[in-house]
Amino acid sequence: MDENPGLPPDLRFLKTLVTILTGVMIIGLITVVGLLVTRLPGAAVTLPDQLEIPEGARVVAVTQSASYWLATTEDDRVLIFAPDGTFRRDLALN
């Protein structure tokens, strides 16, 4: 038995299209969320156990490269570290 016997054929067709579109959108949303979760990199950066930060320097940001670490400080300096965390060089930004 039809649940809405009084609906004209055009409205039943429209109702079917809306239902199909809703299903496709739900599947698409689940697919996008799944791809974001599986494809975005996680916490791949591993910090050395300890960076040898000079006295009085307060680190604001740290960046990793294949051959060194960079740390910027509040007093506009860049600290360069070896991959194992030992201090290499200090550069002023001004």
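Quick note: structure is the one above.
The structure reproduced in this document is the subject of the present report. What you see is a predicted model, and the numbers here were worked out from it, not measured in a lab.

### Focus on the packing of aromatic side chains
- Overall, the coordinates contain 1 aromatic pair when judged by the stated rule.
- Ring plane angle 70° and centroid distance 5.7 Å describe the contact between Phe 81 and Phe 87, whose orientation is recorded as edge-to-face.

### Quick look at unusual backbone geometry
- For Asp 76, which is not glycine, the phi torsion reads 60° and is therefore positive.
- By the secondary structure assignment, Asp 76 is in the loop between strand E2 (69–73) and strand E3 (77–81).

### Some details on the environment of Thr 72
- Locating Thr 72 in the fold gives a position in strand E2.
- Owing to a relative accessible area of 29%, Thr 72 belongs among the partly exposed residues under this scheme.
- With sequence-adjacent residues up to four places away left out, Thr 72 is seen in contact with Arg 58, Val 59, Val 60, Ala 61, Arg 77 and Val 78.

### Overview of the side chain of Arg 77
- Topologically, Arg 77 is positioned in strand E3.
- Separated by 2.7 Å, the side chains of Arg 77 and Asp 90 make a polar contact.
- Apart from the residues within four sequence positions on either side, Arg 77 is in contact with Ala 57, Ala 71, Thr 72, Asp 90, Leu 91, Ala 92 and Leu 93.

### Quick notes on the sheet that holds strand E1 (residues 59–64)
- Pairing in this open sheet of 4 strands is antiparallel, and the strands run E1-E2-E3-E4 from one edge to the other. For this open sheet the edge positions go to E1 and strand E4 (87–92), each flanked by a neighbour on one side alone. Strand-to-strand twist in this sheet, taken as the mean axis angle between neighbours without regard to direction, amounts to 20°.
- Relative to E2, E1 runs antiparallel, the two being bridged by 5 bridges. Among the inter-strand pairings, Val 62 is bridged to a residue of E2, identified as Ala 71.

### As for the pattern of salt bridges
- For the coordinates displayed, the defined rule picks out 3 salt bridges.
- Arg 58 is paired through a salt bridge with Glu 74; the nearest N and O atoms lie 3.5 Å apart. With a gap of 16 residues between them, Arg 58 in the loop between helix H1 (9–39) and E1 and Glu 74 in the loop between E2 and E3 connect regions that are remote in the sequence. For the pair shown, Arg 58 and Glu 74 are each scored as exposed.
- In this structure, Arg 77 and Asp 75 form a salt bridge, with 3.1 Å as the shortest nitrogen-oxygen distance.
- We classify Asp 75 as partly exposed; its relative accessible area is 43%.
- If you follow the salt bridges from partner to partner, you end up with Asp 75, Arg 77 and Asp 90 in one network.

### Thoughts on a nonpolar patch on the surface
- Together, Leu 11, Leu 14 and Val 18 line one region of the surface with nonpolar side chains, adding up to about 260 Å² of accessible area.
- Note on placement: Leu 14 falls in helix H1.

Conventions and cut-offs
Residues numbered from 1 in each chain as written. Predicted model: local features only at pLDDT ≥ 70, side-chain atom pairs only at ≥ 80, totals over all residues. Heavy atoms only, no water. Phe/Tyr/Trp six-rings, centres within 6.5 Å; stacked < 30°, edge-to-face > 60°. Helix = DSSP H or I, 4+ residues; strand = E, 2+ residues; numbered from the N terminus. Buried < 20%, exposed > 50% of the residue type's maximum accessible area, 1.4 Å probe, protein only. Contact = heavy atoms within 4.5 Å. Polar contact = N/O pair within 3.5 Å; in protein donor to acceptor, adjacent residues only side chain to side chain. Pairing = 2+ DSSP bridges. Axes fitted to C-alpha atoms, helices over the stretch in contact; angles between N-to-C directions. Salt bridge = Lys/Arg side-chain N within 4 Å of Asp/Glu carboxyl O. Patch = residues over 30% accessible without salt bridge, like charges linked within 9 Å, V, L, I, M, F, W, Y side chains within 5 Å. Areas by Shrake-Rupley, 256 points an atom, 1.4 Å probe, with all protein chains shown as cover.

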